[in-house]
Amino acid sequence: MSKEELRIQGEKAMAAATKPIVKLPTKIVRQCGRCGEFTSVMVEPGETAPEFKCKSCNKPAQRG
Ligand SMILES: [Zn+2]
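The structure displayed is predicted, hence computed values, not measured ones.

## Notes on the overall build of the protein
Moving on, step 1. Within the protein one finds one helix and two strands.
Moving on, step 2. Counting from the amino terminus, helix and strand elements in the protein follow one another as α-β-β.
Moving on, step 3. When its C-alpha atoms are laid out on the principal axes, the protein stretches across 80 × 25 × 15 Å.
Moving on, step 4. In the protein, which comprises 64 residues, the proportion classed as buried is 8%.
Moving on, step 5. Long-range contacts, defined as pairs at least 24 residues apart, comprise 2% of the intrachain contacts of the protein with a sequence gap of at least 6.
Moving on, step 6. Within the protein, the 7 negative side-chain charges are centred at a point lying 10 Å from the centre of the 12 positive side-chain charges.

## Regarding the coordination of the zinc ion
Moving on, step 1. Distances from the zinc ion to its protein donors, namely Cys32 (SG), Cys35 (SG), Cys54 (SG) and Cys57 (SG), fall within the range 2.2 to 2.4 Å.
Moving on, step 2. Considered as a linear motif, the donors of the zinc ion on their single chain read C-x2-C-x18-C-x2-C. Remark: Cys57 occurs in the segment after strand 2 (38–43) and Cys35 occurs in the loop between strand 1 (26–31) and strand 2; sequence separation between them is 22 residues.
Moving on, step 3. Judged by relative accessible area, which is 41%, Cys35 ranks as partly exposed.
Moving on, step 4. Overall, Cys57 belongs to the partly exposed group, its relative accessible area being 25%.

About the thresholds
Residues numbered from 1 in each chain as written. Predicted model: local features only at pLDDT ≥ 70, side-chain atom pairs only at ≥ 80, totals over all residues. Heavy atoms only, no water. Helix = DSSP H or I, 4+ residues; strand = E, 2+ residues; numbered from the N terminus. Buried < 20%, exposed > 50% of the residue type's maximum accessible area, 1.4 Å probe, protein only. Contact = heavy atoms within 4.5 Å. Lys, Arg positive; Asp, Glu negative; His and termini not counted. Charge placed at Lys NZ, Arg CZ, Asp CG, Glu CD. Donors = N, O, S within 2.8 Å, 3.2 Å for Na, K, Ca; no water.

What follows is the structure, encoded as structure tokens:
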């Protein structure tokens, strides 16, 4: 391997180490106050968490 190749490899390693930080969605887990069910929701960076909805309590009421 030549010196030039070594230099290029080193630059590639540096570029990989200093890549920009990607903001990821945040997972928020909340517990329902009525049934105790945990509901997780993904919140995009810079956005506020949506209104809490329990997947159990907010089910359409079954009639009949
Ligand atoms: Zn609930």
